[in-house]
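Residue-level structural notes
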Amino acid sequence: MTPPDASKRTAAAPLDREALARVRRREPAAMERFFDLYYDRLFGHVVRLVGNVHLAEDLTHDVFLRLNRVIDRLDPDRDPTAGVFTIATNVVRDHWRSRGHKDAARGSELTGAHLEVLADEAEDAEAQLVRRQEQARVRQALAELSDDDREVILLRDFEGLDSALVGEILGLKADAVRQRHKRAVGRLGLAFRKHLDPDGAAP
């Protein structure tokens, strides 16, 4: 079992320096483009972290409220992705800390829409069924991981961010990210295999 390949997604065109400068000046069209560029990625990331679509909608709204408050500090000479995902990570962590207890059902509503592995257009029905079954097992396995493990896997493997950028988001050195990611993937593999019977079929 391997996490989905983020490189297969169609990436939106990044904003250039001039566009980012307009965002910092809070020009409405530029800000709309900026928010459109990041909304789907952030919502997908948050829903994978918290496992609940309705909660993720609320938290993503909070992310963009925080982004709006600090947008005039944006550096046009730097890719804003790390800063954007840092805010999202902090919003989710604030939510986790505010709960007062672990929600045992947190992963029960993880949705396939945001864990989708892109299908080959030529894929036959049997292959699609196998892919959907694997996605379901990945969702179950992710839900069993710790918050820290899920964060690093989602940022590295689902978002396709490199270790240095993930380290900037999580407040870690790149080497520490690589070590955490290696351990997290190992635990994900163990959790994934728990959902297979000894013959390798779905339970």
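Residues numbered from 1 in each chain as written. Predicted model: local features only at pLDDT ≥ 70, side-chain atom pairs only at ≥ 80, totals over all residues. Heavy atoms only, no water.

Some thoughts on the confidence of the model for the protein
- With 74% of its residues at a pLDDT of 70 or more, the protein has an overall mean of 80.
- Every residue in residues 5–11 is under pLDDT 50, and counting partners more than four places away or in other chains gives 9 contacts.
- For residues 104–121, every residue scores under 50 in pLDDT, and the model assigns this stretch 39 contacts once sequence neighbours within four places are set aside. (pLDDT = per-residue confidence, 0-100. Contact = heavy atoms within 4.5 Å.)

Regarding unusual backbone geometry
- Positive phi values are uncommon outside glycine, yet Arg-26 reaches one of about 65°.
- Looking at the secondary structure, you find Arg-26 in the loop between helix H1 (17–24) and helix H2 (28–50).
- The class for Arg-26 is partly exposed, based on a relative accessible area of 31%. (Helix = DSSP H or I, 4+ residues; strand = E, 2+ residues; numbered from the N terminus. Buried < 20%, exposed > 50% of the residue type's maximum accessible area, 1.4 Å probe, protein only.)

A short note on the environment of Val-138
- Considering the arrangement of structural elements, one finds Val-138 in helix H5 (residues 125–143).
- Sequence-wise, Val-138 and Leu-188 are 50 residues apart; in three dimensions their C-alpha atoms are separated by 8.2 Å.

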